[in-house]
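A closer look at the structure
The chain contents come next:
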Amino acid sequence: MNINEILTHLGEDRAQYFHAIAPPVIQTSNFAFPNLQAFRESFADELGHHVYSRGNNPTVEILRRKLAALEKTEDALVFASGAAAVASAVIGNVKAGDHIICQESPYSWTTALLRKFLSRYGVSHTFVDGTDIRNIEAARRPETKVLYLESPNTMTFECQDLAACAAFAKAHGIVTMIDNSYTSPLYQNPADYGIDIVIHSGTKYLNGHSDVVVGVLCASKAMVQKIFESELMTLGGILSPHDAALVLRGLRTLPLRVQRSNESAHYIIDKLDKHPKVAQLWYPFHHSFPQLELAKKQMRGCGGLFSVQFKTDSMEKMEAFVHRLERFLMAVSWGGHESLLIPTIGFYNIPGRSTQPALPWTFCRFYIGLEDPQWLWEDLERAMEVL
Ligand SMILES: *Cc1c(COP(=O)(O)O)cnc(C)c1O
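Residues numbered from 1 in each chain as written. Predicted model: local features only at pLDDT ≥ 70, side-chain atom pairs only at ≥ 80, totals over all residues. Heavy atoms only, no water.

Remarks on the overall build of the protein
From N to C terminus, the protein includes 14 helices and 12 strands. Computed over C-alpha atoms, the radius of gyration of the protein comes to 22 Å, within 12% of the 21 Å expected from 2.2 N^0.38 for 387 residues, which places it in the range of a compact globule. Taken over the C-alpha atoms alone, the protein extends approximately 75 × 55 × 45 Å along its principal axes. Here the protein holds 387 residues, and 53% of them are scored as buried. Considering only contacts within the protein whose residues lie at least 6 apart along the sequence, 72% involve residues at least 24 apart. Total accessible area computed for the protein in this model is approximately 17,100 Å², and 54% of it derives from carbon and sulfur atoms. Distance from the positive charge centre (36 side chains) to the negative charge centre (41 side chains) of the protein: 1 Å. (Helix = DSSP H or I, 4+ residues; strand = E, 2+ residues; numbered from the N terminus. Rg over C-alpha atoms; globule rule 2.2 N^0.38 Å. Buried < 20%, exposed > 50% of the residue type's maximum accessible area, 1.4 Å probe, protein only. Contact = heavy atoms within 4.5 Å. Areas by Shrake-Rupley, 256 points an atom, 1.4 Å probe, with all protein chains shown as cover. Lys, Arg positive; Asp, Glu negative; His and termini not counted. Charge placed at Lys NZ, Arg CZ, Asp CG, Glu CD.)

Next up, the structure:
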């Protein structure tokens, strides 16, 4: 389906609500049944009817339909956070004794889910360098049930070959899932390659305004039904109707925002590429990226997130650089209107933390938002003078 059709029309039955352009926030916990027949029909299929807003809510349903269409899957669920979507997808597909293969550096709380949470329930895992399918194949055990991907991931952007991963998993009855937050549905649709479950932290591009925490899971009707009946209803990590309406508003401008971020990131990267204080750049479509060919094969663009290693000889200079930036905000997350940086040096010498980061203190992750890229570059160039 055409993206314009999805964003403007799909799921919006305006005759039901006074032909309003903006969908109503159906702020209700429960729904009344007009008669016993409706009562019985509703309990026969809770996801398809309106019973209680922990399950299905009309505002949330509009959002679900658009997200499923954007990811080209049959159905979708939304959650109160990306972490809830990740946890529900994984937990919904394993039981005690099962094994998970995961690419080696996913989002930090995904690592925590496998290491700290699922290990308590007898679910084991192997982290592998997913840039080579042979590592994934070699990690398989008879009890492997899930292959978890994040391609690209969100610090150094390693990719996995989605078609090869899906083919391997299908041959062995393994469920594949991917965290697709980096590209958004605009630039990569893993279902095209046969991946079973596509997950997003909708907090990032999908909502896009840095004011809602939201998670998304897109999959077949059967998979969505299974996770709805179990993880969503049991753990109850639902999105409120009010937040669903905010995400719907954010989605309207998804193509504009992501394209703008993408173009502005290219503008800044081209300048950084020639700058003497830059040691290395990480961006899947950058000429130096080791998996450039694969990235171009399965992605239509990258968006606004990239990383840089700077050339400097002292931590003091690196700290001065960070403090000199005035137009970038120092913050986690990304995908909103505002440009951001995470300097790895901030993870060094955290009080009470004994381990130091794997990435060097000269490393920074940047997100380019919707501002004028030239205005951002002026700030960056001025700050780099102290390196
Ligand atoms: C932010 C993020 C998450 C977690 O999403 P929340 O909405 O913060 O719970 C998961 N995966 C990736 C890649 C993320 O960037």
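Things to note about the site of the ligand
In the vicinity of the ligand, 14 residues are found, and the nearest of them are Gly82, Ala83, Asp179, Thr203 and Lys204. Taking threonine 203, its side chain carries an N or O atom lying 2.6 Å from an oxygen atom of the ligand. Summarising the interface, the protein chains cover 90% of the accessible area of the ligand, which totals 380 Å² for the free molecule. A class-by-class count of the residues in the shell around the ligand yields five nonpolar, six polar and three charged. (Near = heavy atom within 4 Å. Polar contact = N/O pair within 3.5 Å; in protein donor to acceptor, adjacent residues only side chain to side chain. Nonpolar A, V, L, I, M, F, W, Y, C, P; charged D, E, K, R; others polar.)

Quick look at the nonpolar core
Grouped together as the largest cluster of nonpolar side chains are 83 residues, with contacts concentrated most on Leu272, Phe306, Phe310, Phe321, Phe366 and Leu380. The residues that make up this core include at least three from each of domain 1 (3-251) and domain 2 (254-386). Non-local contacts of phenylalanine 306, meaning those with residues more than four positions away in its chain, are made with Phe157, Ala265, Ile268, Ile269, Leu272, Leu281, Trp282, Tyr283, Cys364, Arg365, Phe366 and Ile368. (Core = buried A, V, L, I, M, F, W, Y, C linked by side-chain atoms within 4.5 Å. Domains from an automatic or database assignment.)

Some words on unusual backbone geometry
Note that the residue after serine 151, namely proline 152, is joined by a cis bond; omega there is -5°. Here proline 152 shows up in the loop between strand 4 (144-150) and helix 7 (162-171). One non-glycine residue, serine 210, lies in positive phi territory at about 55°. Among the structural elements, serine 210 can be located in the loop between strand 6 (197-201) and strand 7 (215-219). Of note, serine 333 is a non-glycine position whose phi angle comes to about 70°, a positive value. Position of serine 333 relative to the elements: it lies in the loop between strand 10 (329-330) and strand 11 (340-343).

Section: the sheet that holds strand 9 (residues 305-310)
Read across the sheet, five strands follow the order 8-9-12-11-10 without closing on themselves; strand pairing throughout is mixed. Across the chains shown, the open sheet's two edge strands, defined by having one partner strand only, are strand 8 (278-282) and strand 10. Pairing geometry for strand 10 and strand 11, over two bridges, is parallel. By the bridge assignment for strand 11, methionine 330 is matched with leucine 341. Along the sheet face, helix 11 (residues 254-273) touches strand 8, strand 9 and strand 12 (363-367) and points at about 15° away from the line of strand 9. (Pairing = 2+ DSSP bridges. Axes fitted to C-alpha atoms, helices over the stretch in contact; angles between N-to-C directions.)

Focus on the sheet that holds strand 4
Read from one edge of the open sheet, seven strands run 1-7-6-5-4-2-3, paired in mixed fashion. In this open sheet, the two strands that pair with only one neighbour each are strand 1 (75-79) and strand 3 (124-128). Strand-to-strand, the axes of this sheet are offset by a mean angle of 20°, without reference to chain direction. Here five bridges tie strand 2 (residues 99-103) to strand 3, and the two strands are oriented parallel to one another. The partner of cysteine 102 across the bridge, within strand 3, is phenylalanine 127. Each of strand 2, strand 3 and strand 4 is contacted by helix 5 (residues 108-117), which is oriented at about 140° to strand 3, the strand it contacts most.

Observations concerning the packing of aromatic side chains
Following the criterion strictly, the structure yields 13 aromatic pairs and no others. On the basis of an interplanar angle of 40° and a centroid distance of 5.4 Å, the ring pair of phenylalanine 117 and tyrosine 121 is categorised as tilted. On the accessibility criterion, tyrosine 121 (45% relative accessible area) is partly exposed. Aromatic ring contacts, followed pair by pair, group Tyr283, Phe306, Phe310, Phe321, Phe328 and Phe366 into a single cluster. The residue whose ring lies beneath arginine 120 is phenylalanine 117, and the NZ or CZ to ring-centre distance is 5.4 Å. The ring of phenylalanine 285 is capped by lysine 296, whose NZ or CZ atom sits 4.8 Å from the centre of that ring. (Phe/Tyr/Trp six-rings, centres within 6.5 Å; stacked < 30°, edge-to-face > 60°. Lys NZ or Arg CZ within 6 Å of the ring centre and 35° of its normal.)

Brief notes about the state of the cysteines
By definition, a disulfide links the sulfur atoms of two cysteine residues through a covalent bond. With the rule as written, the count across this model stands at zero disulfides. Left without a disulfide partner, cysteine 165 is nearest to the cysteine sulfur of cysteine 159, which lies 11 Å away. Not part of a disulfide, cysteine 218 finds its nearest cysteine sulfur in cysteine 165, a span of 19 Å. (Disulfide = S-S within 2.5 Å.)

As for the side chain of threonine 154
With respect to the helices and strands, the residue threonine 154 is situated in the loop between strand 4 and helix 7. Once residues within four sequence positions are removed from consideration, threonine 154 is found in contact with Tyr182, Leu305, Trp334 and Arg365.

A closer look at the domain arrangement of the protein
Considered domain by domain, the protein is made up of domain 1 (3-251) and domain 2 (254-386). Computed from C-alpha coordinates alone, the two centres of domain 1 and domain 2 are separated by 28 Å. At the interface, 35 residues of domain 1 touch 35 residues of domain 2. When domain 1 packs against domain 2, close to 3,000 Å² is buried across both sides, 59% of that on carbon and sulfur atoms. Counting across the interface, domain 1 meets domain 2 through one salt bridge. The shortest N-O distance in the salt bridge between aspartate 161 and lysine 297 comes to 3.9 Å. (Buried area = accessible area lost by both parts, 1.4 Å probe. Salt bridge = Lys/Arg side-chain N within 4 Å of Asp/Glu carboxyl O.)

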